[in-house]
Amino acid sequence: MKILAFDTSNVALSVAVLDNEHLLATQTTNIKRNHSSQLMPIIDQTIKTSGLDINDIDRIVVAEGPGSYTGLRIAVTTAKTLAYAVNAELIGVSSLALLAQNDTQDGIVAPFFNARQGNVFAGIYEKKGSKLTTLVEDQHISFEDLLNHINQIGKPVNFITTDFEDFRESIENTLVVPSSHLDGWNALPNAYFLGLMGLKKNELENVYTAVPQYLRVTEAERNWKDQHPNDVRSGSYVRQID
Amino acid sequence: MGTSKLILAIESSCDETSVAVVKNGNEILSNFIATQIDSHQRFGGVVPEVASRHHIEQITLGIDQALKKAAVEPDDLDAVAVTYGPGLVGALLVGVSAAKSFAYAHNLPLIPVNHMAGHIYAARFVKPIVFPSLALLVSGGHTELVYMPAENVFKIIGETRDDAAGEAYDKIGRVLGMKYPAGKNIDELAHQGHDTFNFPRAMEHDDNFDFSFSGLKSAFINTVHHADQIGEELDRKDLAASFQQSVVDVIVSKTKRACEQLDIKQLILAGGVAANQGLRETLDSMIKKDLPELDFVKAPLKLCGDNGAMIGAAGYVAMQHGESADLTLNADPSLEFDWEPDAVR
């Protein structure tokens, strides 16, 4: 099976092409450049370097979130349109579970992204070899609550994040279990791992209905729901008029 | 298929996800439109992040439906056209990402289209555009006069310095307690009332083709608030009629002057507010009376709002002129035509 995998959920952009477990080509960038301009050219280069054509791809694996809303939309729109156009299977994988694969040792892993105002997008996983078990689902959570979850689990934790310095003080003050961390290069997404995760996953996404896992409703919708608790609509707010 | 050209056209700049298949730039084979109005009505206006999220729900379905309804296979297509600006950046990016992906997968040329050129080319579904031509573009985001000396050349000779006309309609609609978008409601109400308030006509006699609607909006709001304070009930029909008359008077008088000073053969009315009956009727009678030789083309009512078909029509012309984009194409939320304010002096 030929696999195209990519992640643009944060500053880094990572693309890989695999033939089953075998890596054919990969490219990762970590520059504040526009993913919209960069993603398709890098997909094209990576596929060409692999000696393939986009029509040879059997399965597309995308990091579906959480992360930057714009980055997620670029990746998921590209993934679902490519999958539709070349009739490939579409698989979505958590951007955080992907980062957890960077840990080379077994144990508790807490990948997270800074979501501002003391909040993070985070999940807590237990890693045994390449197998991940979810202990706390990916969510938008205050960093304090994340540390409380980790304290409750009561085992040493490995944080994976490029935003470690923003939270160092908080960790030193609140965490009661031993901790270590991967940051910098070691906290960048690796699309090869994403391809491997997608190879093992059996739940296919529907190319029409697939959307990013934002893990957060918009502020406007949150406020509206607070003001209209009984206003429940069945079905979509979007109407086809032609 | 011979020499006929088929374009798949994608539009997602604001709150409509639309995908069309257009033949030779003047025949609509399909025009899928999914509107988000019901969603944004909750907030009294378009919320960009909500809009972007809705676009991604619809985009692939839209492509598939447009192709199926047109009974066209991807292999039959000659190009993919897409709106890359102006508009909401997150919304535009969904269309641009989808267009690039589809074009890449099917090895098709990618044609970047200015959304405003699209609005103008909605008129192409009525009749051919004759040059030199002038377009009056009125929408929720824009109010501008665009001079087209030749095919595929667009020069702005005047535009609003503050609110767009459609924006002013929505804002005063809110003051009158109307649902968003308020344009159609106000238009209907205006037809039942009279211009009794005589609101200001800003910049009507200035020596340029620019517009301003924020003073009118403020005058309207002050009038309503003042009446509220003294417990006076104002006639809503007359309020609507007075507001609309002020907007229409300024737009029509500036457009008339531009038509007279430029040696144009055709006037095109397009954009979301081009559906306004008051504006259509007043332009009709002005042209009949003062510019009887001028060919006046109104975008079809169904194509005044945002849609993919108009992007396909503009994309066809751009393609004929050799325009294309590569896979680095990005959204440009503040894209605009070149300015040529001195074109008529």
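Residues numbered from 1 in each chain as written. Chains lettered and ligands numbered in written order. Predicted model: local features only at pLDDT ≥ 70, side-chain atom pairs only at ≥ 80, totals over all residues. Heavy atoms only, no water.

### Things to note about empty space enclosed by the protein
Residues and elements named next belong to chain A. Counting across every chain of the model gives one cavity of 30 Å³ or more. Quantified by volume, the largest cavity comes out at close to 60 Å³. Every residue along the wall of the largest cavity is listed here: Val-62, Glu-64, Val-76, Ala-79, Lys-80, Leu-90, Gly-92, Glu-205, Ala-210 and Val-211. Breaking the lining of the largest cavity down by element, the ones donating at least two residues are β4 (59-65), α2 (69-86) and β5 (89-94). Of the residues forming the lining of the largest cavity, the biggest block, three residues, is contributed by α2. Taken together, the residues of the lining of the largest cavity sort by class into six nonpolar, one polar and three charged. (1 Å grid on protein atoms, 1.4 Å probe; cavity = no way out; pocket = protein on both sides within 12 Å on 5 of 7 lines; lining within 4 Å. Points joined across faces, edges and corners; volume = space filled by probe spheres on them. Helix = DSSP H or I, 4+ residues; strand = E, 2+ residues; numbered from the N terminus. Nonpolar A, V, L, I, M, F, W, Y, C, P; charged D, E, K, R; others polar.)

### Topic: the pattern of salt bridges
All names here are of chain B. Evaluation of the coordinates by the stated rule reveals 24 salt bridges over all chains. Of the charged contacts in the structure, one is a salt bridge between Arg-161 and Asp-210, with a shortest N-O distance of 2.9 Å. Taken together, the residues Arg-161 in the loop between β8 (155-159) and α5 (165-175) and Asp-210 in the loop between α6 (183-190) and α7 (214-229) connect sequence positions 49 residues apart. The exposed category is assigned to Arg-161, whose relative accessible area is 53%. (Salt bridge = Lys/Arg side-chain N within 4 Å of Asp/Glu carboxyl O. Buried < 20%, exposed > 50% of the residue type's maximum accessible area, 1.4 Å probe, protein only.)

### A look at helix α4 (residues 143-153) of chain A
Residues and elements named next belong to chain A. Among the residues of α4, Phe-143, Leu-146, Leu-147, Ile-150 and Asn-151 are the ones counted as buried. Around the axis of α4, the buried residues are gathered within 140° of arc, so they sit on the same side. Projecting away from the buried face of α4 at angles above 90 degrees are the exposed residues Glu-144 and Gln-152. If you follow the buried residues of α4, they end up packed against β6 (107-114), β7 (119-128), β8 (131-142), β9 (157-160) and α5 (164-174). (Arc of directions from axis to C-beta. Contact = heavy atoms within 4.5 Å.)

### Overview of the sheet that holds β6 of chain A
Residues and elements named next belong to chain A. One open sheet holds the five strands; their spatial order is β8-β7-β6-β9-β10, and the pairing between them is mixed. Two strands lie at the open edges of the sheet, namely β8 and β10 (179-182), each paired on one side alone. Within this sheet the neighbouring strands show an average axis-to-axis angle of 20°, counted without direction. As judged from the six bridges shared by β6 and β7, these two strands associate in the antiparallel manner. Paired with Ile-108 across the strands is Glu-126, a residue of β7. (Pairing = 2+ DSSP bridges. Axes fitted to C-alpha atoms, helices over the stretch in contact; angles between N-to-C directions.)

### Quick word on the UniProt feature "domain: Gcp-like" (unreviewed entry) in chain A
Under the feature "domain: Gcp-like" (unreviewed entry), the UniProt entry names residues 30-152 of chain A. This span, residues 30-152 of chain A, is 40% helix and 35% strand, and a straight line between its end C-alpha atoms measures 35 Å. (UniProt positions renumbered as here; feature names shortened; annotations may be inferred.)

### Brief notes about the pairing of β4 of chain A
All names here are of chain A. Counting buried residues in β4 gives seven out of seven residues, a clear majority hidden from the surface. Two elements, strand β1 (residues 2-7) and β4, share four bridges in a ladder whose sense is parallel. Of the residues in β4, the one forming a bridge with Phe-6 is Val-62. Pairing of β4 with β5, which is carried by six bridges, proceeds in the parallel orientation. The residue of β5 that forms the bridge with Ala-63 is Val-93.

### Observations concerning unusual backbone geometry
Cis rather than trans, the peptide bond between Gly-85 of chain B and Pro-86 of chain B has omega equal to -10°. Looking at the secondary structure, you find Pro-86 of chain B in the loop between β4 (79-85) and α3 (89-105). Of the consecutive residues Phe-131 of chain B and Pro-132 of chain B, the connecting peptide bond is found in the cis state with omega at -5°. Tracing the chain through its elements places Pro-132 of chain B in the loop between α4 (115-121) and β6 (133-138). Here Asn-20 of chain A, not a glycine, exhibits a phi torsion of approximately 50°, which is positive.

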